[in-house]
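The chain contents come next:
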Amino acid sequence: FLAHMAAITRTCLVSELIAEFIAAKAQDGASKRYLQDLRNRLATFSTDFGELRISAVQPSQIDDWLRGLTVAPQTRNNFRTVLRTLFESAVVRGYAPDNAVAKTAKAKVVRGAPEIFTPEQMRTLLEKAPSDFVPFIAIGGFAGLRSAEIERLDWSEIDLKGRLIHIKAEKSKSAQRRLATISENLAGWLAPHAKKSGAVVDVERSIVARRKTRDAIGFKTWPANALRHSF
């Protein structure tokens, strides 16, 4: 009871906690991509819960909200993960006596085999893709980098002579620096596009290029990290 009363005294609105939480993550050095994901997901949550006091939000309310999302099971779990981290920060700051999200149910995710591009599809991708999108396809398919890592990659981090790609810690999903080997095949595809510096792909242009290339091989969607899985 005393812990509950202390939380009520110190508590804040959900919208205020979200602002504090995102600001703290930015100070901690979170990537722009991660921060944008937090903003998008938490903005959706704030639409329904923003004006409630954090200590007053019940597990059943959050559970019903998560179940009401018209999204795939994994996406629902992704929302839950973000909310659980948000409410844990509320506990740390003394705004709530416990983490309400920890008491909600996770959706069951049935994982099928990862989708990959066949050799013939890879050939078509490289032939049909816009010229400035070829490095994206080649690095993903022949070096195994994740899509997000390629989008953060700079030409100065690609050593064609030494046959290495330097993935810096701040650009890696695991937040650890690593090196990827450049095969003779990959070197041949990258050589005509190589620069001393600058982004390897223009993220905004790559969205359009990806759609055009996807259509060229008859895919309705671009499978998540299909190039890495193909590698």
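All of these numbers come straight from a predicted model, not from anything done at the bench.

**Brief notes about the packing of aromatic side chains**
Okay, step 1: Evaluated as defined, the whole model comprises 6 aromatic pairs.
Okay, step 2: For the ring pair phenylalanine 45 and phenylalanine 87, a centre distance of 6.2 Å and an interplane angle of 80° mean the geometry is edge-to-face. One end of the pair, phenylalanine 45, is in helix α3 (residues 32–49); the other, phenylalanine 87, is in helix α5 (residues 73–92), and 42 residues separate them in sequence.
Okay, step 3: Exposure remark for phenylalanine 45: the relative accessible area of 0% places this residue in the buried category.
Okay, step 4: When the ring of tryptophan 65 is compared with that of phenylalanine 79, the centres are 5.9 Å apart and the planes differ by 75°; the resulting orientation is edge-to-face.

**Brief notes about the side chain of glutamate 149**
Okay, step 1: With respect to the element layout, glutamate 149 can be found in helix α8 (residues 147–152).
Okay, step 2: Among residues more than four places away in sequence, those in contact with glutamate 149 are Ile167, Lys171, Ser172, Lys173 and Arg178.

**Structural notes on the pattern of salt bridges**
When charged atoms on two side chains of opposite charge get close, those side chains can pair.
Okay, step 1: Inspection of the entire model under this criterion finds 12 salt bridges.
Okay, step 2: Of the charged contacts in the structure, one is a salt bridge between arginine 41 and aspartate 37, with a shortest N-O distance of 3.1 Å. With arginine 41 and aspartate 37 both in helix α3 and 4 residues apart, this pair spans about one turn of that helix.
Okay, step 3: The class for arginine 41 is buried, based on a relative accessible area of 15%.
Okay, step 4: Judged by its relative accessible area of 28%, aspartate 37 falls in the partly exposed class.
Okay, step 5: Close ionic contact of glutamate 120 with arginine 123 constitutes a salt bridge, the shortest N to O distance being 3.6 Å. Of this pair, glutamate 120 and arginine 123 both sit in helix α6 (residues 119–128), 3 residues apart, which is roughly one turn of the helix.
Okay, step 6: The exposure class assigned to glutamate 120 is partly exposed, which follows from its relative accessible area of 47%.

**Remarks on the confidence of the model for the protein**
Okay, step 1: A residue-level look at the protein finds 96% of positions with pLDDT of 70 or above and a mean pLDDT of 89.
Okay, step 2: When mean pLDDT is taken per element in the protein, helix α4 (residues 59–68) scores highest with 96 and helix α1 (residues 2–10) scores lowest with 63.

**Here we look at the nonpolar core**
One recurring pattern in soluble globular proteins is that nonpolar side chains are buried together.
Okay, step 1: Of all hydrophobic cores here, the largest spans 33 residues; its most connected members are Phe117, Ile139, Leu145, Ile158, Ile165 and Leu186.
Okay, step 2: Listing elements by their share of this core, those giving two or more residues are α6, α7 (134–143), β2 (164–167), α9 (184–190) and α11 (226–230).
Okay, step 3: Top element by residues in this core is α7. It accounts for 7 residues.
Okay, step 4: In contact with isoleucine 139, not counting residues within four places along its chain, are Gly144, Leu145, Ile150, Leu153, Ile158, Ile165, Leu186, Leu190 and Val200.
Okay, step 5: Among the nonpolar cores identified, the runner-up in size contains 27 residues, and Ile22, Ile54, Ile62 and Trp65 belong to it.

**Quick word on the pairing of β2**
Okay, step 1: Going residue by residue along β2, you find Ile165 and Ile167 tucked away on one face and Leu164 and His166 left uncovered on the opposite face.
Okay, step 2: Here strand β1 (residues 158–159) runs beside β2; their pairing, made up of 2 bridges, is antiparallel. Within β2, the position partnered with isoleucine 158 by the bridge is isoleucine 165.
Okay, step 3: A loop of 4 residues connects β1 with β2, the two strands running antiparallel in sequence, and arginine 163 in this loop sits at a positive phi of about 60°.

**Looking at the sheet that holds β1**
Okay, step 1: Strand order in the open sheet formed by 3 strands is β1-β2-β3, and the pairing between neighbours is antiparallel. Looking along the sheet, the strands with just one partner apiece sit at the ends: β1 and β3 (178–181).
Okay, step 2: As judged from the 4 bridges shared by β2 and β3, these two strands associate in the antiparallel manner. By the bridge assignment for β3, isoleucine 165 is matched with alanine 180.

**Looking at the packing of α4 against α5**
Okay, step 1: Relative orientation of the contacting elements α4 and α5 amounts to 150°, with a least axis distance of 10 Å. Classed by the angle they form, the pair α4 and α5 counts as roughly antiparallel. Along this stretch, α4 crosses α5, giving a crossing that reads as right-handed. Across the interface between the two elements, Ile62, Trp65, Leu66 and Arg67 from α4 touch Arg76, Phe79, Arg80, Leu83 and Phe87 from α5.
Okay, step 2: Of the residues assigned to the contact of α4 with α5, the class counts are 6 nonpolar, no polar and 3 charged.

Calculation criteria
- Residues numbered from 1 in each chain as written.
- Predicted model: local features only at pLDDT ≥ 70, side-chain atom pairs only at ≥ 80, totals over all residues.
- Heavy atoms only, no water.
- Phe/Tyr/Trp six-rings, centres within 6.5 Å; stacked < 30°, edge-to-face > 60°.
- Helix = DSSP H or I, 4+ residues; strand = E, 2+ residues; numbered from the N terminus.
- Buried < 20%, exposed > 50% of the residue type's maximum accessible area, 1.4 Å probe, protein only.
- Contact = heavy atoms within 4.5 Å.
- Salt bridge = Lys/Arg side-chain N within 4 Å of Asp/Glu carboxyl O.
- pLDDT = per-residue confidence, 0-100.
- Core = buried A, V, L, I, M, F, W, Y, C linked by side-chain atoms within 4.5 Å.
- Pairing = 2+ DSSP bridges.
- Axes fitted to C-alpha atoms, helices over the stretch in contact; angles between N-to-C directions.
- Parallel < 35°, antiparallel > 145°, perpendicular 65-115°, else oblique.
- Left-handed = near helix turned anticlockwise from the far one by under 90°.
- Nonpolar A, V, L, I, M, F, W, Y, C, P; charged D, E, K, R; others polar.

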